[in-house]
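# A structural walkthrough
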Amino acid sequence: MLYKENQMIKFFREIRYNLMDKNNTKKYLKYAIGEIVLVVIGILIALQINNWNEARKTRNKEIAYLTNIKTDLQLSILELEEFIANRDSQIESAIIIVNHFNGKPVNDWNTFNKHIVSIYTWQRFYLVDNTHQELKNSGNFAIISNDSIKNSLLNLDLLYKKLKYKEDHWRYDAEQTLHPGQYEKADINSISNNYLYQLTDGQQGELGNLSKETFGNMLDDQKQKNSFAFAVFNFK
């Protein structure tokens, strides 16, 4: 396109050169006006080409951001699936522990310990939103031309904040109900080593010889029973 425009300008310039050969002052002035017009046209063409180039650069940048956002979301889905699976496992463990509080005999204290510690183990879900944060912090969020995508990203950010609030609420409750009873009465060292032994298939920790006394008679503690019941409700 630029080549064609240059050929057109060259064509008109040759016509004006021919008019100048007649040595007419009026025609000289017309030639000057024509030259000015051609310069303006050239500038407009250059600006248009520059606009096209800038638009292309912006579009390429948008595509790069969208590609990175897609990657972030795929990683977030993997993180979320793992988080949900872990929560489901914690719910099952909490139900089993509550059943023991309600009188079901504990036949295997190692298994009982594994369920207990799995609930104590704190895990947060972290949204992979590096690209979204970069867009906001750099002021480039407007580059995303699709309003639906922009709104979805903002909604996702809001949902993540709500989830963090619920997690913080549960953590506070756990620190007020679950942890104090264990720290004050249970043999934390034996419990931790036993759990580590089971988690690593005997590569670390020590199985030991757990018993009801190891857990500080926690099954007689109504406050801890309530906290495990609350865990079932909270994790769903």
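Residues numbered from 1 in each chain as written. Predicted model: local features only at pLDDT ≥ 70, side-chain atom pairs only at ≥ 80, totals over all residues. Heavy atoms only, no water.

What follows concerns helix α6 (residues 188-199). Under the 1.5 Å per step criterion, the end-to-end length of α6 is 16 Å for twelve residues, consistent within 8% with the ideal 16 Å. Where α6 is concerned, the buried positions are Ile191, Asn194, Tyr195 and Gln198. Seen along its axis, α6 keeps its buried residues to an arc of 95°; they face one direction. One or two positions beyond α6, positive phi appears at Asp201, with a value near 55°. (Helix = DSSP H or I, 4+ residues; strand = E, 2+ residues; numbered from the N terminus. Expected span 1.5 Å × (residues − 1). Buried < 20%, exposed > 50% of the residue type's maximum accessible area, 1.4 Å probe, protein only. Arc of directions from axis to C-beta.)

A separate point is empty space enclosed by the protein. Enumeration according to the criterion identifies two cavities of 30 Å³ or more in this entry. Estimated volume of the largest cavity: approximately 80 Å³. Together, Ile69, Asp72, Leu73, Leu127, Val128, Asp129, His132, Leu153, Leu156 and Asp157 line the largest cavity. Here the lining of the largest cavity is built from residues that sort into six nonpolar, one polar and three charged. Approximately 40 Å³ is the volume attributed to the second largest cavity. (1 Å grid on protein atoms, 1.4 Å probe; cavity = no way out; pocket = protein on both sides within 12 Å on 5 of 7 lines; lining within 4 Å. Points joined across faces, edges and corners; volume = space filled by probe spheres on them. Nonpolar A, V, L, I, M, F, W, Y, C, P; charged D, E, K, R; others polar.)

Further remarks concern the pattern of salt bridges. Under the counting rule described, the total for this entry stands at eight salt bridges. A salt bridge links Arg59 to Glu62; the shortest N-O distance between them is 2.9 Å. Of this pair, Arg59 and Glu62 are both found in helix α2 (residues 25-101), three residues apart, which corresponds to roughly one turn of the helix. Among the residues examined, Arg59 registers a relative accessible area of 42% and is labelled partly exposed. Using a relative accessible area of 6% as the deciding quantity, one classes Glu62 as buried. A salt bridge links Lys185 to Asp221, with the nearest nitrogen and oxygen atoms 3.6 Å apart. Of this pair, Lys185 sits in helix α5 (residues 147-185) while Asp221 is found in the loop between α6 and α7 (222-235), placing the two residues 36 residues apart along the sequence. A relative accessible area of 15% places Asp221 in the buried class. (Salt bridge = Lys/Arg side-chain N within 4 Å of Asp/Glu carboxyl O.)

The predicted model of the protein chain averages 81 in pLDDT, with 78% of residues at 70 or higher. Considering each helix and strand of the protein chain separately, the mean pLDDT is smallest for helix α1 (residues 2-20), with a value of 52, and largest for α6, with 92. The low-confidence segment residues 1-5, where pLDDT is below 50, has four contacts with residues more than four positions distant or belonging to other chains. (pLDDT = per-residue confidence, 0-100. Contact = heavy atoms within 4.5 Å.)

This part covers unusual backbone geometry. Look at Asp201: it is not a glycine, yet its phi comes out positive at around 55°. Here Asp201 falls in the exposed class, since its relative accessible area comes to 69%.

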